Amino acid sequence: MSTEALTQVRIQQISDNPKLAWMENRPFFIPHSVLEKNDLAKYLDTEGNLAIPTGKFNVSPKASEILRLHAAFTDQKPISSRLPFSYQKIPSRIRSWVASIIGRWQRQKMNRWCVFPRWPLDLSADCLADLMIGYPPSPFKEKPTPVILTHDLDSAEGLKNLVRWFLKIEESVGARSTNYIVPCSWPIEHDLLRQVKDRGNEIGIHGYDHSNKTPFCEPVERRNRLEAARELIEKYDIIGYRAPSLLRTRGLLQDLANFYHYDSSIPTSGGLFPVPNNGCASARPFFIEGIFELPLSMPRDGSLLVLGYSPEEIFNLWVRCAEDISRSGGVVVLLTHCEARFSGNPTMLKVYQRFLEFIASSNRFIWSSPKEVLDRIEKVIGNKNE
Ligand SMILES: [Zn+2]
């Protein structure tokens with residue numbers, strides 16, 4: 001994490017600029033250096049309210065980037081990566097049990113693990129981007145907001161449950177999903193994976209063997225691990241990657257650029273996992289280390305369950321976050337796991353279906369995919385260069 005000091009402010013008195021209306025009366029973090037450089041400290045009252053002086057807040061593009069990358073990488077190895085064996089060898093029931101004890105205990109101590117980005121959603125980097133005078137608004141500011149459904153298939157059970165339950169629910173509301181598969185951990189049933197692809201869904205790669213080691217490997221070993229997915233990449237026209245446990249380093253992204261069009265491993269607000277205080281505080285795709293990053297903008301099922309959120313709380317939180325992301329000009333990216341201990345059970349499937357029905361019933365949103373979102377960005381960049 002960067003050592004740049006951040007100041008929490010509540011934006012007040014937005015002028016009649018519709019580009020900024022979404023941030024009014026909401027809390028954001030602003031790098032201290034940006035406040036100083038723009039002489040804005042004098043507009044900040046003792047309670048942290050920042051009255052935006054019209055035309056005076058001219059943020060440089062660098063400021064938004066600094067904030068986006070402030071806590072974007074997980075450079076420290078978590079315990080699961082430091083074990084001499086793959087943590088996946090520990091039975092999943094025991095891992096879930098330990099995680100939920102830690103999670104329920106930590107839910108009481110949120111002020112320690114979500115200092116920045118704030119949990120469950122922090123759009124500070126997008127706030128700064130919109131304060132850049134003369135810059136075009138987000139390409140996703142125009143409604144409808146793209147909604148991308150994703151699943152990380154951690155096991156053979158996940159792939160089976162995807163086909164058995166999830167696809168049917170998604171198809172019933174006209175949606176498709178992107179499914180990240182572990183290439184070298186469990187035998188892949190290609191009949192099922194082909195069926196997923198043939199039903200209009202995208203396939204992506206989810207690490208190497210899910211042992212949480214790839215981001216921290218020596219460069220040669222990392223490239224070998226990434227190379228192991230080559231056959232799958234070609235077979236299923238794969239263009240994207242999601243890191244297991246969302247562990248990511250700059251080195252990993254640099255290497256991913258040789259294999260994929262995009263990565264989707266950086267959460268907007270990572271919360272407690274994989275390490276406290278991680279995320280990019282943005283729900284808009286950005287370009288970094290030679291590759292597009294598609295932030296995982298919604299709170300994910302694993303974290304919510306571990307923290308002890310009830311099904312009703314999860315549904316309400318997903319709706320609230322999707323609406324906030326839409327207002328801000330972001331892209332809604334949701335991750336659910338298909339294993340029974342995550343979302344592949346009747347209770348969570350009901351929550352998932354309710355959320356999908358909510359999205360489908362609102363003209364604020366449209367089902368989308370990483371490929372469609374990247375195409376839209378490239379079109380905007382192309383238009384700008386013409
Ligand atoms: Zn995973």
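Conventions adopted
Residues numbered from 1 in each chain as written. Predicted model: local features only at pLDDT ≥ 70, side-chain atom pairs only at ≥ 80, totals over all residues. Heavy atoms only, no water. Buried < 20%, exposed > 50% of the residue type's maximum accessible area, 1.4 Å probe, protein only. Helix = DSSP H or I, 4+ residues; strand = E, 2+ residues; numbered from the N terminus. Pairing = 2+ DSSP bridges. Donors = N, O, S within 2.8 Å, 3.2 Å for Na, K, Ca; no water. Salt bridge = Lys/Arg side-chain N within 4 Å of Asp/Glu carboxyl O. UniProt positions renumbered as here; feature names shortened; annotations may be inferred. Core = buried A, V, L, I, M, F, W, Y, C linked by side-chain atoms within 4.5 Å. Contact = heavy atoms within 4.5 Å. Polar contact = N/O pair within 3.5 Å; in protein donor to acceptor, adjacent residues only side chain to side chain. Disulfide = S-S within 2.5 Å. Axes fitted to C-alpha atoms, helices over the stretch in contact; angles between N-to-C directions. Left-handed = near helix turned anticlockwise from the far one by under 90°. Nonpolar A, V, L, I, M, F, W, Y, C, P; charged D, E, K, R; others polar. 1 Å grid on protein atoms, 1.4 Å probe; cavity = no way out; pocket = protein on both sides within 12 Å on 5 of 7 lines; lining within 4 Å. Points joined across faces, edges and corners; volume = space filled by probe spheres on them.

### Focus: the pairing of strand S11 (residues 332–337)
Burial within S11 is extensive, with 6 of its 6 residues counted as buried. Side-chain alternation along S11 places Val 332, Leu 334 and Thr 336 on one buried face and Val 333, Leu 335 and His 337 on a second face that is also buried. Bridging between strand S4 (residues 145–153) and S11 involves 6 bridges; their strand directions are parallel. Each bridged residue has a counterpart across the sheet, and for Ile 148 the counterpart in S11 is Val 333.

### So, the coordination of the zinc ion
For the zinc ion, every protein donor is listed as Asp 154 (OD), His 206 (NE2) and His 210 (NE2), and the spread of their distances is 2.1 to 2.2 Å. Spacing between the donor residues of the zinc ion along the chain follows D-x51-H-x3-H. Here Asp 154, found in the loop between S4 and helix H7 (156–172), pairs with His 210, found in the loop between strand S6 (202–205) and helix H9 (219–227); they are 56 residues apart in sequence, far enough to count as distant. Just as Asp 154 is buried, His 210 falls in that class too.

### Considerations on the pattern of salt bridges
Applying the stated criterion to the full structure yields 18 salt bridges. With a closest N to O distance of 2.8 Å, Glu 227 and Arg 230 form a salt bridge. When its relative accessible area of 36% is taken as the criterion, Glu 227 is described as partly exposed. Connected via shared salt-bridge partners are Arg 26, Asp 324 and Arg 327.

### Details of the UniProt feature "domain: NodB homology" (unreviewed entry) in the protein chain
Per the UniProt record, "domain: NodB homology" (unreviewed entry) is found at residues 146–249. With 39% helix and 18% strand, the stretch residues 146–249 has end C-alpha atoms that lie 27 Å from each other.

### So, the nonpolar core
Among the nonpolar cores identified, the biggest contains 98 residues, and Leu 159, Ile 181, Ile 205, Tyr 260, Met 298, Trp 318 and Phe 355 are the most heavily contacted of them. Every residue in contact with Phe 355, bar those within four places of it in the chain, is listed here: Met 298, Phe 315, Trp 318, Val 319, Ala 322 and Leu 334. Formed by 15 residues, the second largest nonpolar core is a distinct cluster that contains Tyr 262, Phe 292, Leu 294 and Val 373.

### Topic: the side chain of Asn 49
By secondary structure assignment, the location of Asn 49 is in strand S3 (residues 49–51). On the basis of relative accessible area, Asn 49 is assigned to the buried category, the value being 19%. Within the structure, Asn 49 has its side chain in polar contact with the side chain of Gln 12 (distance 3.1 Å).

### Let's talk about the state of the cysteines
The tally for this structure, following the rule as stated, stands at 0 disulfides. Its sulfur unpaired, Cys 127 is 14 Å from the next cysteine sulfur, which belongs to Cys 280. Of the cysteine sulfurs around Cys 280, a residue in no disulfide, the closest is that of Cys 321, at 14 Å. Overall, Cys 280 belongs to the buried group, its relative accessible area being 0%.

### Remarks on the packing of H7 against helix H8 (residues 190–198)
In a pair of packed helices, the angle between the axes and the distance between the axes together describe the arrangement. For the pair H7 and H8, the least separation of the axes is 9 Å and the interaxial angle reads 35°. When you trace H7 past H8, the crossing you get is left-handed. Touching Leu 159, Lys 160, Leu 162, Val 163 and Leu 167 of H7 are Leu 192, Leu 193, Gln 195 and Val 196, all from H8. Partitioned by chemical class, the residues of the contact of H7 with H8 number 7 nonpolar, 1 polar and 1 charged.

### Some remarks on empty space enclosed by the protein
Across all of its chains, the model carries 1 cavity of 30 Å³ or more by this definition. In this structure, the largest cavity occupies an estimated 70 Å³ of space. Lining the largest cavity are 15 residues; nearest its centre among them are Asn 212, Lys 213, Thr 214, Pro 215 and Pro 244. Each residue belonging to the lining of the largest cavity can be placed in one class, and the counts come to 7 nonpolar, 5 polar and 3 charged.

### Notes on the sheet that holds strand S1 (residues 6–12)
The strand order S2-S1-S3 describes an open sheet built from 3 strands, whose pairing is mixed. The strands lining the two open edges of the sheet, one partner per strand, are strand S2 (27–31) and S3. Within the sheet, the average angular offset between the axes of one strand and its neighbour, ignoring direction, is 55°.

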